[in-house]
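Given next are the chains, with one letter for each unit.
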Amino acid sequence: MIGPTVQSLIAWYSAFVLIFFFGINSYYLVLTIAGFWRTLRVINEVRRPDQRRLLRSPLTPPVSVLAPAFNEEANVVDNVRSLLMLDYPLFEVILVNDGSHDRTLGRLVDAFDLRRSARSYEQSLRCKPIHGVYESASYPNLVVVDKANGGKADALNAGLNLSLYPVFCAIDADSVLEPDALLRLVRPFVDAPGVTIAAGGVVRVANGCDIHAGRVHAVRLPRKLLPLIQIVEYLRAFLFGRMGWSTGNSLLVISGAFGLFDKKAAVLAGGYATDSVGEDMELVVRMHRYRRERRQPYRIGFVPDPICWTEAPESLRVLRRQRTRWQRGLIDTLMRHRCMIGRPRYGTVGMVSLPGFLVFEMISPLVELSGYLLLPLLWASGLLSMPLAGTFFVLAIMYMVLVSALAILLEDLAFRRYHSVFDLGRLLLAAVLENFGFRQLTVWWRVRAFAEYFRGDLSWGAMERRGMATTT
């Protein structure tokens, strides 16, 4: 039998878990609604004719597009072609082959007739040795860097060292950009030159889409359930969630798959951290910190209109690697910059967004898992009423589905990427099904990430690619 003191503690903790659960879903609900209204405002601004003319002006800042690649032979040629066809006044593409073991470099050499170049550069940021720099006579704005393997952050630092232009775009080599994505993403830099130091864009799941020669010809949903659920996640967290955080200049994450940065600001902050698997978030937080500590005006924004398409994991094994890596990156960033949390000196970043990420992103899987483990104790102590438990379970699922469904419907109102009612129905069904097994798995993986982080695991794990040509 469980003693009265233990029963009391279990009852109190059960109430805490209940309050925490509704708090985290309310947090996502508020972010979704705030992100939607900000999205509508930004879309209206970017559609103004004077803005469109300004964005197409030759005065728009030139951009260096940095694309690290490691074992990306399945997609790399089509994706580089996609980058070279971007609708932008002046840009260069720097593909960094980070010690690939497959034919990534060979396929690039064959496809673009690459030749070794004597291009000089200043090593402003430390990186692994560079074996060679290649250029193409057919594509004068294409540069391929071959270097020793050092990880994505190290590859980005190498690309920064070789880049020519004052603004750089960091993307994944397996991503596909829409033709005018870069043009739209640069708008904050044109609106507030010298003040805007970074801007993030929307990343969407490409699985199921009809993609040929680095272009999305038709947006379709995947047949498999796993990537379908991830589409719902991306809408909820990567679109409206980040758009909501951009209010008040408190955005902490710009996806490594698609972001635009002021080169000087990034270099002054120290470039990408090579000892972190969350280098994208860590750089953004460090740029916040650098500017706040020096009381320098700045802006970090998010533009919902640009689209970057990326391939989502289609197996639980690969998804586990991705989610544990994301969680380790989050833990690492919050631990590195814990002195900012709750400090008015750092404005909304220190007082709102960092505490929000600490409670609702970092700690939440621990609380949620403990809630699942608490059920047997409640049953054994006789504190669990089956009708009450059933009612709570139904209300909990309904609340989670409500948040996801709202994100899906708001996406339809703002963008209408998925045109048919059947597609919307499938997404809504996925929003329901993610709560039965998928959510619990991701919670467990994120809890495991704590153990991996504290034993110093910096591995990425192999991200297997099927190739995004007519992906299903």
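Here the structure is a predicted model, which is why all the values come from computation and not from measurement.

Cut-offs and rules
Residues numbered from 1 in each chain as written. Predicted model: local features only at pLDDT ≥ 70, side-chain atom pairs only at ≥ 80, totals over all residues. Heavy atoms only, no water. Salt bridge = Lys/Arg side-chain N within 4 Å of Asp/Glu carboxyl O. Buried < 20%, exposed > 50% of the residue type's maximum accessible area, 1.4 Å probe, protein only. Helix = DSSP H or I, 4+ residues; strand = E, 2+ residues; numbered from the N terminus. 1 Å grid on protein atoms, 1.4 Å probe; cavity = no way out; pocket = protein on both sides within 12 Å on 5 of 7 lines; lining within 4 Å. Points joined across faces, edges and corners; volume = space filled by probe spheres on them. Nonpolar A, V, L, I, M, F, W, Y, C, P; charged D, E, K, R; others polar.

**Digging into the pattern of salt bridges**
In total, this model carries 24 salt bridges according to the counting rule given. Two residues, K147 and D154, come together in a salt bridge whose shortest N-O distance is 2.6 Å. Of the two residues, K147 and D154, both sit in the buried class. Taking the shortest distance from any N to any O, the salt bridge between R323 and E233 comes out at 2.7 Å. One end of the pair, R323, is in helix α11 (residues 316–336); the other, E233, is in helix α8 (residues 225–245), with 90 residues separating them in the sequence. Take R323: its relative accessible area is 8%, and that puts it in the buried class. The exposure class of E233 is buried, given its relative accessible area of 13%. Through salt bridges that share partners, E92, R119 and E135 make up one connected network.

**Description of unusual backbone geometry**
In this structure, D113 takes a positive phi of about 50° despite not being glycine. Summarising the element assignment, D113 is placed in the loop between α4 (104–112) and β3 (114–116). Residue D113 is classed as partly exposed on the basis of its relative accessible area of 36%. Backbone geometry places R416, a non-glycine residue, at a positive phi of 50°. The topology assignment puts R416 in the loop between α13 (386–414) and α14 (421–454).

**Examining empty space enclosed by the protein**
Under the criterion given, the structure shown has 1 cavity of 30 Å³ or more. When its volume is computed, the largest cavity comes out at roughly 30 Å³. Residue lining of the largest cavity: A170, I254, S255, G256, F261, Y272 and D280, and that is the complete set. Grouping the constituent residues of the lining of the largest cavity by class yields 4 nonpolar, 2 polar and 1 charged.

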